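Reading the structure
As a plain string of letters, each chain reads:
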Amino acid sequence: LPSLSGMPIGEPTLNPPASVRPTPHLSPVPSIPTAPSTNQTRSPSVEVSSTPSSLSSMSSQPTFSPSLLELVTTNRRPLSRCQGNCKLDSHCQRGLVCFLREGVEAVPGCSGEGKPTRNYCCDRPEDYLLFVGRGDIEAPMKACEADCDSDSDCSGILICEQREGDEEVPGCRGWARSGRDYCRWPDTQSPSLSPSTSDPTSSSRPSDIISASPSAGPTISYSPTADYYQYTKIGTSCEHLGELWNTTAPDNYQGPEPFPDKSNVALQFFTFGDTPYDHQCDTCNTCIGEDGSKEADCTRFDCILKNITMDDLPLNNTCTYEGPDYNCVQNSIIPFMNSVISAGDAAFILHAGDIMKGGDVAESKRCTSYNFNSRKDLFANASNFLLVPGDNDWTECYEYDLYSNTDPAREMWRATFADVPSPFNQFSRDFPGGGRPFIHRKPGNPEMFFFEYNNIAFFGLNRVGNRMSYISDIATVDLNGEWVNERLSLVNTTCPYESIVILAQALLKPVVYDMVDIYIEACGLLPLLVITGDYHPDTFCMTKKETDHRLELTVEAYRSGPLLVSVIRDPTGLKGDYFHVDDSDLVDSNRDCPTYF
């Protein structure tokens, strides 16, 4: 292999300076917007015009004539007024909010019903809940704004509604932050506000009236309150974890957003998984012909039929199953991620396992060199791509030996996707902050990896499905836990890490958390993000376990767009690291390929 950053293979490169990475020069390519949402900070601060007449002279001031609701089926962001489907305020243009709907409720300032249950961007109605800051802000808060401490923090006769959890705020609607206190009208003074008649121009909030010259946009400064750095509920829950744990579906959370200048961003990366599957479809009958060339409609084998009756498929088949999932990853998802990485807005890509359809344990005949090489050629086009095994391409491969750490299919996986000379053994390009880390791989199990960058530790583990495996169940010690402990114990006296990220296909066994806890006991509490796949949800889940410091992120599947994960670091150093997830695919379907260009 060529040397990395002028250093020979086997010698790790140094981390970049501890200061947060510099803002890269962005070329005009598609990127995911990262402006802070107005529901997470009292800023941006804006200058409010003193007279209504000044508004008419602003060429940049938007008009408020009702627009027809429009569901955007591509992933264009930020969304304009009356466009959907948004999930967070940050999906909308600055000054707009994401109006949450359970049916076909009227969206303020917009006309039409739109698609049922879809959310649309609009100007904030006066009775729509909004978090603007703490009770010590300079100006009193208006109706349905938080976070007040007492009635004196609210305007006029408004009162501060004290809340301990998710209680409703009388007279207000929308999504309220758990445990936050909102200003509201007294019960006998509540104004009559209707979604269909609310006038978006009547609000006197600074974000609704911006003073600016025609030649320049408004002057915006970002001064987040102390509460900016926290996790907040986003109004949805993770159903598959509720079923798995036999309990109420846990709430989904979101971390603080990156600033536009990324001064609070330690690192950004993409993650996705469970793709390409491509099975039981009319266009998946692809293979390698006798002359070594690809056949779009295989004549050597009936790959589609044998996908259903696996026993009849010859072991030496050349099927590659390159159908809609494969084409979506090749023509849409990878080019999009590469463009964002080229712009300096992400560093690398993590795939959470399952690169093809599987079968029963030790019975799948899809684990061939032809199918593996098909996936290798696909992902070799992605910048700085890493992956971990999934059960479909590991324990379900033909003649998998539960009582051994190796067999022909596993050695073929390791050679193709992890070990030297695989194109995924090391990173191939520098990160936006400069340099690239050396990837350490566990001897004997190169599918497990570790690297560190900007005081963040990254692990790739071999935890596949919820089936028994040699790694986690048969070996004398859990090899995943052993690998985590081996790497963390090297630095448990210097304690360099601000956060830890672990990638695996399936939920981890407790021993892995135990090994992380040993490091925490020595170095102090720090956040842990575990990224998994396997469950194929239509939209991602990020849940909290026990405290704000342990989070589980479940990626989507098939043709869903990738997630951009930002490691957010408080520039003051007081609040530590947080994780923000931006879904590049606004359509909640893993069967619709996103369009980015």
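See the structure printed just above.
Residues numbered from 1 in each chain as written. Predicted model: local features only at pLDDT ≥ 70, side-chain atom pairs only at ≥ 80, totals over all residues. Heavy atoms only, no water.

It is worth spelling out the side chain of K442 at this point. Positionally, K442 belongs in strand 18 (residues 440–442). Polar side-chain contacts of K442 include one of 2.8 Å to the side chain of E482. (Helix = DSSP H or I, 4+ residues; strand = E, 2+ residues; numbered from the N terminus. Polar contact = N/O pair within 3.5 Å; in protein donor to acceptor, adjacent residues only side chain to side chain.)

Right, let's get into the sheet that holds strand 17 (residues 385–387). Within the open sheet, the 5 strands sit side by side as 17-16-13-25-26. Their pairing is mixed. Strands with a single pairing partner mark the edges of an open sheet, and in this sheet they are strand 17 and strand 26 (577–583). The average angle at which neighbouring strand axes cross in this sheet is 25°, direction not considered. The pairing of strand 25 (residues 563–569) with strand 26 spans 7 bridges and is classified as antiparallel. Bridge pairing in strand 26 places V567 opposite F579. Contacting strand 13 (265–272) and strand 16 (349–351), helix 4 (residues 324–342) runs over the sheet at an angle of about 170° to strand 13. (Pairing = 2+ DSSP bridges. Axes fitted to C-alpha atoms, helices over the stretch in contact; angles between N-to-C directions. Contact = heavy atoms within 4.5 Å.)

Enumeration according to the criterion identifies 27 aromatic pairs in this entry. Ring centres of F372 and F417 lie 5.6 Å apart, and the angle between their planes is 65°; this geometry places the pair in the edge-to-face category. One end of the pair, F372, is in helix 5 (residues 369–379); the other, F417, is in helix 6 (residues 408–417), with 45 residues separating them in the sequence. Taken together, a centroid distance of 4.4 Å and an interplanar angle of 10° make the contact between F379 and F385 stacked. What makes F379 buried here is its relative accessible area of 0%. Given a relative accessible area of 4%, F385 falls into the buried group. A connected cluster of aromatic rings, assembled from ring pairs, spans F269, F348, F427, F431, F449, F451, Y453 and F458. Over the aromatic face of Y253 sits the side chain of K544, whose NZ or CZ is 4.4 Å from the ring centroid. (Phe/Tyr/Trp six-rings, centres within 6.5 Å; stacked < 30°, edge-to-face > 60°. Buried < 20%, exposed > 50% of the residue type's maximum accessible area, 1.4 Å probe, protein only. Lys NZ or Arg CZ within 6 Å of the ring centre and 35° of its normal.)

This model, assessed by the stated rule, comprises 17 salt bridges. For K294, the salt bridge identified is with E322, shortest N-O distance 3.3 Å. Placement of K294 in strand 15 (residues 294–295) and of E322 in the loop between helix 3 (303–308) and helix 4 is noted, with a sequence separation of 28 residues between them. Two residues, D473 and K509, come together in a salt bridge whose shortest N-O distance is 2.6 Å. You can see D473 sitting in helix 7 (residues 470–474) and its partner K509 sitting in the loop between strand 21 (499–503) and helix 9 (510–523), a full 36 residues away along the chain. The partly exposed category is assigned to K509, whose relative accessible area is 27%. (Salt bridge = Lys/Arg side-chain N within 4 Å of Asp/Glu carboxyl O.)

Turning next to helix 4. A rise of 1.5 Å per residue sets the reference length of helix 4, with its 19 residues, at 27 Å; its end C-alpha atoms lie 26 Å apart and thus fit the reference within 8%. If you look at helix 4, its biggest bend is around 35°, right at Q330. Residue G344 follows helix 4 closely and has a positive phi angle near 85°. (Expected span 1.5 Å × (residues − 1). Bend = angle between axes of the 7 residues up to and from the residue.)

Time to look at helix 9. Owing to its 3.6 residues per turn, the α-helix aligns residues three or four sequence positions apart on the same side. The terminal C-alpha atoms of helix 9 lie 20 Å apart, and with 14 residues this matches the ideal 20 Å at 1.5 Å per residue to within 8%. Of all the positions in helix 9, only V512, Y513, M515, V516, Y519 and I520 are classed as buried. Down the axis of helix 9, the buried set is contained in an arc of 155°. They therefore lie on one face. Facing away from the buried side of helix 9, by more than 90 degrees, are the exposed residues P510 and E521. Residues of helix 9 that are buried make contact with helix 8 (479–488), strand 21, strand 22 (528–532) and strand 24 (550–554). (Arc of directions from axis to C-beta.)

Once that is clear, we can look at the sheet that holds strand 18. The strand order across the open sheet built from 7 strands is 18-19-20-21-22-24-23, with neighbouring strands paired in mixed fashion. Both outer strands of the open sheet, strand 18 and strand 23 (541–544), are each paired with one neighbouring strand and no more. Here the average twist between neighbouring strands, direction ignored, is 20°. Judged from the 3 bridges that link them, strand 18 and strand 19 (residues 445–453) form a sheet pairing that is antiparallel. Its bridge partner being in strand 19, H440 is matched across the sheet by F450.

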